[in-house]
Amino acid sequence: MSAAVTEDLLIVGAGGFARETAQAIRDVAAADAARGRAPRWRLAGHLDDDPALHGREVDGVPVPGGCELVHELPAARVLVCVGSPRDYAVRARLVRRLGLPADRYATVVHPTAAVSGSSVVGPGSVLLAHCVLTAGVRVGSHVAVMPQVVLTHEDEVADFATLASGVRLGGGVRVGRGAYVGAGALVREYASIGAWSLTGMGSTVLGDVPAGEVWAGSPARLLRPAGATALAELAREAGGSGGALCGRAGDAPVPAGAPAHGTEDGTGPNGRRPQTRMESPVV
């Protein structure tokens, strides 16, 4: 048996994504046990601001109180697992509100996920069952990657993005900060999905999706501006960064609420230079 230390892990949120993450943590523990080693995590509870949940259990996991309890349990690692297509900016707002250092956040990768040694996943991110990261993929912080998502060579997914179940990205795709890509969407190689945009479920994206817009269809086309909370995040970051709205995933962690920034460099489709070397994944 490994002498590795089991750490307490708190999930902020108690909705669908939080429940899926809790199950992934159980599956990680089962995989650890099958390998004869101590589990990496002990699921200590869900934290949720809904007082009706306090003192109850969600799928057998206690809800001891609201989100601010993370500050009373400083030894516990944390995951913020909130958000939906109706308000996909809530995860960024909550991380900013909690103000925790990056090293408080866990990174959870389901044991059935295939993450290449040339890919990297940032703190606070969750990869659910049967995800695939093929080669040189960079996933930022607080990213939600739902089941059966496929990220191919040199894809970049910036902080706070959400990739719903069954998303497929061609090589060299850039998903901007806070973007939401709906279930089953297909994105052509080297396309860019703009910051705080929403791509509808089942869409076929053949070109770039601008920041702060909702696109859907096959081929995807503009439907309307993004919702008020997403546009508020976009405006907040534009005001602090001179309009640079799509940071590179996998760079050094950006403090909660800091502006995203980054520039295109080199040559190739969309002016981007493919990445050729990255660290081993954080798991």
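As a reminder, the structure under discussion sits directly above these lines.
What comes next is a walk through the structure.

## Here we look at the pairing of strand β2 (residues 41-47)
Within β2, five of the seven residues are buried, which leaves it mostly tucked inside the rest of the structure. The pairing of strand β1 (residues 7-12) with β2 spans six bridges and is parallel. Looking at the pairing, E7 lines up with W41 of β2. At this point the chain moves from β1, through helix α1 (residues 16-34), to the parallel β2, and the crossover so formed is right-handed.

## Here's the deal with the sheet that holds strand β16 (residues 168-169)
In space, the six strands of this open sheet follow the order β7-β10-β13-β16-β19-β22, with parallel pairing throughout. Taken across any chain shown, the strands that pair with only one partner, and hence form the sheet edges, are β7 (114-115) and β22 (204-205). In this structure, strand β19 (residues 186-187) lies alongside β22, joined through two bridges in parallel fashion. Counted as the bridge partner of V187 is V205 from β22.

## Let's talk about the sheet that holds strand β8 (residues 120-121)
Read across the open sheet, the five strands follow the order β8-β11-β14-β17-β20; overall the sheet is parallel. A strand with exactly one partner marks an edge of an open sheet, and here the two such strands are β8 and β20 (192-193). Direction of pairing for strand β17 (residues 174-175) relative to β20: parallel, over a ladder of two bridges. The partner of R174 across the bridge, within β20, is S192.

## Here's the deal with the nonpolar core
Counting 29 residues, the largest nonpolar core has L151, V157, L163, L169, V175 and I193 as the members making the most contacts within it. Sequence-distant contacts of V175, defined by excluding residues within four places in its chain, comprise E156, V157, A158, A161, L163, L169, V181 and I193. The next biggest cluster of nonpolar side chains, apart from the first, holds 27 residues, and it includes C67, A76, W196 and L234.

## Structural notes on the pattern of salt bridges
Scanning the model with the defined rule gives 12 salt bridges in all. In this structure, R177 and D159 form a salt bridge, with 3.5 Å as the shortest nitrogen-oxygen distance. Linking R177 in the loop between β17 and β18 (180-181) with D159 in the loop between β14 (156-157) and β15 (162-163), this pair joins segments that are 18 residues apart in sequence. Pair check on accessibility: R177 and D159 agree, each one buried.

## A look at the side chain of S119
Within the fold, S119 resides in the loop between β7 and β8. According to the relative accessible area criterion, S119 is buried, its value standing at 0%. Among the polar contacts listed, one links the side chain of S119 to the side chain of S116, at a separation of 2.7 Å.

## Digging into the packing of aromatic side chains
To describe a pair of aromatic rings, one takes the distance between the centres and the angle between the planes. Evaluation of the coordinates by the stated rule reveals one aromatic pair. Considering the side-chain rings of Y88 and Y180, the 5.8 Å spacing of their centres and the 50° angle between planes classify their relative orientation as tilted. One end of the pair, Y88, is in the loop between β5 (77-80) and α2 (90-98); the other, Y180, is in strand β18, and 92 residues separate them in sequence. Residue Y88 is classed as buried on the basis of its relative accessible area of 6%. Residue Y180 is classed as buried on the basis of its relative accessible area, which comes to 13%.

## Topic: the pairing of strand β23 (residues 213-217)
Examined bridge by bridge, strand β21 (residues 198-199) and β23 share two bridges and lie parallel to one another. Opposite T199, over in β23, you have W215 as the bridge partner. By the bridge criterion, five bridges tie β23 to strand β24 (residues 220-225) in an arrangement that is antiparallel. Paired with W215 across the strands is L222, a residue of β24. Where β23 folds back onto β24 in an antiparallel hairpin, the turn is made up of two residues.

Cut-offs and rules
- Residues numbered from 1 in each chain as written.
- Predicted model: local features only at pLDDT ≥ 70, side-chain atom pairs only at ≥ 80, totals over all residues.
- Heavy atoms only, no water.
- Buried < 20%, exposed > 50% of the residue type's maximum accessible area, 1.4 Å probe, protein only.
- Helix = DSSP H or I, 4+ residues; strand = E, 2+ residues; numbered from the N terminus.
- Pairing = 2+ DSSP bridges.
- Right-handed = clockwise from strand over helix to strand, strands pointing away.
- Core = buried A, V, L, I, M, F, W, Y, C linked by side-chain atoms within 4.5 Å.
- Contact = heavy atoms within 4.5 Å.
- Salt bridge = Lys/Arg side-chain N within 4 Å of Asp/Glu carboxyl O.
- Polar contact = N/O pair within 3.5 Å; in protein donor to acceptor, adjacent residues only side chain to side chain.
- Phe/Tyr/Trp six-rings, centres within 6.5 Å; stacked < 30°, edge-to-face > 60°.

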